[in-house]
Structures are given as structure tokens and as C-alpha cells.
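Coordinate inspection notes
Take a look at the letters that make up each chain.
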Amino acid sequence: MDGLDRRILGLLREDGRASFAHIGDEVGLSPSAVKRRVDRMVADGIIQGFTTLIDPQIENRSTEAYVELFCRGTVAPAELTRILSQIPDVDEAFTVTGSADAIVRIRAQSPTHLEVALEKVRLAPQVDSTRSAIVLSRLFGPYAAHTLDEQAR
């Protein structure tokens, strides 16, 4: 990867649907040269996929929580993956450093659905306890449409 590849990646992060012509204009390459570089980055595993972010409100999954998992003894990441991937409202899961063994992101239709998903996580025999933080608003990042100041008006 060189500086041009990094600039192309930056432009794709800002707008994954940007045309090769637009990107080429920004970085000083022809559209075909940009396409060759993007294709190479895909082939090399630098770009690992293309995705569409859908507003959680549209998906009816706007109740979101981050849940720390504290496990009994040592639990292999593969075992946590097996357990957590069976719970539909679990969007992401990570092993982490610190006192928790893992952190899980749950997106559910409502607080009631969130509670059901949390109970499924807690019922796993490897899980000793959990600590949850429910998301109140997104300050920035995907899905963050407004700042808190704009929301307060």
C-alpha cells in the first residue's frame, strides 16, 4: 500500500458509493487506474467487503446496549462465538482485556426485547454475570444524524 491507496481508502470510507471517476479526480488518477487499485486491495484482503448501513429505526432495532460478560473460568473464544451467534439480537461480540471477558452489542426492537436477549445471554452456563449500558444517543459515527445540541432544540 502506498499513499495513493490510503487516499483512495479514505475517500471510500467517506462515501462507499463514490465513483472511480470521482475518486480519480481527487487523487489524480484515471478511473481505470483507481479500479485496478481497488480490485487489488480487495484481492489482497485490505478491503474486506462492501456494505450498506441501514438506519436502526427502519429495521425496528433502535434499542441498543453494550453488555460486558463475565464468564465462569476460562471460556474459549470459539465457545463464546457459538453461544452468542445463536442469539438473534446480538450484533457483535468481542473478547477484551480488563475485568470483563467479552463485550457484546445488542440491538433490539424495544427494552422488552433487549431484556429477553440479555436473559438468553445470562442463561448460558459459561456466563457468570453481565453489566449493561444502554445507548441513549449516538454522538457520531454510523447512524448518528444529529448532535445532542440539535436534539435538545
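So, here's what we can say about the structure. (Residues numbered from 1 in each chain as written. Predicted model: local features only at pLDDT ≥ 70, side-chain atom pairs only at ≥ 80, totals over all residues. Heavy atoms only, no water.)

1. Some points on a negative patch on the surface
Under the convention used in this document: Patch criteria: residues need more than 30% relative accessible area and no salt bridge. Like-charged residues are merged within 9 Å; nonpolar side chains of Val, Leu, Ile, Met, Phe, Trp and Tyr are merged within 5 Å. Here the Shrake-Rupley method, with its probe set to 1.4 Å, supplies the accessible areas, and only the displayed protein chains count as covering residues. Here, a salt bridge means any side-chain nitrogen of Lys or Arg that lies within 4 Å of a carboxyl oxygen of Asp or Glu. When charges are counted, Lys and Arg are positive and Asp and Glu negative, with His and the chain ends excluded. We put the charge of a Lys on NZ, of an Arg on CZ, of an Asp on CG and of a Glu on CD. Secondary structure elements are taken from DSSP: a helix is a run of H or I of four residues or more, a strand is a run of E of two residues or more, and numbering for both begins at the N terminus.
Taken together, the side chains of Glu14, Asp15, Asp25 and Glu26 present a region of like negative charge at the surface. Along the chain, Glu14 turns up in helix α1 (residues 3-14).

2. Considerations on the sheet that holds strand β2 (residues 90-95)
The condition that has to hold: Here, strands pair whenever DSSP counts at least two bridges between them. Fitted lines through C-alpha atoms serve as axes, helices being fitted only where they are in contact, and the angles separating the N-to-C directions of these axes extend from 0 to 180 degrees. Should any heavy atoms of two residues lie within 4.5 Å, those residues are considered in contact.
Across the sheet, four strands lie side by side as β2-β3-β1-β4; this open sheet has antiparallel pairing. Looking along the sheet, the strands with just one partner apiece sit at the ends: β2 and β4 (127-134). Going across the sheet, the axis of each strand differs from the next one's by a mean of 20°, ignoring polarity. Contacting β1 (63-71), β2 and β3 (102-108), helix α5 (residues 77-84) crosses the sheet at an angle of about 170° to β2. Packing of helix α6 (residues 111-123) onto the sheet brings it into contact with β1, β2, β3 and β4, and relative to β4 it is tilted by some 155°.

3. Notes on α6
Note the threshold: Take the residue count of a helix, subtract one, and multiply by 1.5 Å to get its expected span. Classification of residues uses two cut-offs on accessible area relative to the type maximum, computed with a 1.4 Å probe and protein chains only: under 20% is buried, over 50% is exposed, and between them is partly exposed. Arc definition: directions from the helix axis to the C-beta atoms.
Under the 1.5 Å per step criterion, the end-to-end length of α6 is 18 Å for 13 residues, consistent within 8% with the ideal 18 Å. Considered for burial, the residues of α6 that qualify are Leu114, Ala117, Leu118 and Val121. An end-on view of α6 places all buried positions within 100° of arc, on one side of the element. For α6, the exposed residues set more than 90 degrees away from the buried face come down to Thr112, Glu115 and Leu123. Against β1, α5, β2, β3 and β4 lie the buried residues of α6.

4. With respect to the pairing of β2
Taken together, the five bridges between β2 and β3 define a ladder with antiparallel strand orientation. Paired with Val90 across the two strands is Ile106, which belongs to β3. Connecting the antiparallel pair β2 and β3 is a turn made up of six residues, with Gly98 showing a positive phi of about 100°.

5. Describing the pattern of salt bridges
Pairs may arise between side chains of opposite charge once their charged atoms sit close together. Scanning all chains against the criterion turns up 14 salt bridges. Salt-bridge contacts for Arg131 lead to Glu68; the nearest nitrogen and oxygen are separated by 2.5 Å. With Arg131 in strand β4 and Glu68 in strand β1, this pair connects stretches of sequence that are 63 residues apart. Looking at Arg131, the relative accessible area reads 46%, which means it is partly exposed. For Glu79, the salt bridge is made with Arg82, and the minimal N-O distance between the two is 2.7 Å. Of this pair, Glu79 and Arg82 both sit in helix α5, three residues apart, which is roughly one turn of the helix. For Glu79, a relative accessible area of 23% translates into the label partly exposed. Arg82 gets classed as partly exposed once you look at its relative accessible area, which sits at 42%. Connected through shared salt-bridge partners, Arg61, Glu64, Asp91, Glu92, Arg105, Arg107 and Arg138 make up one network.

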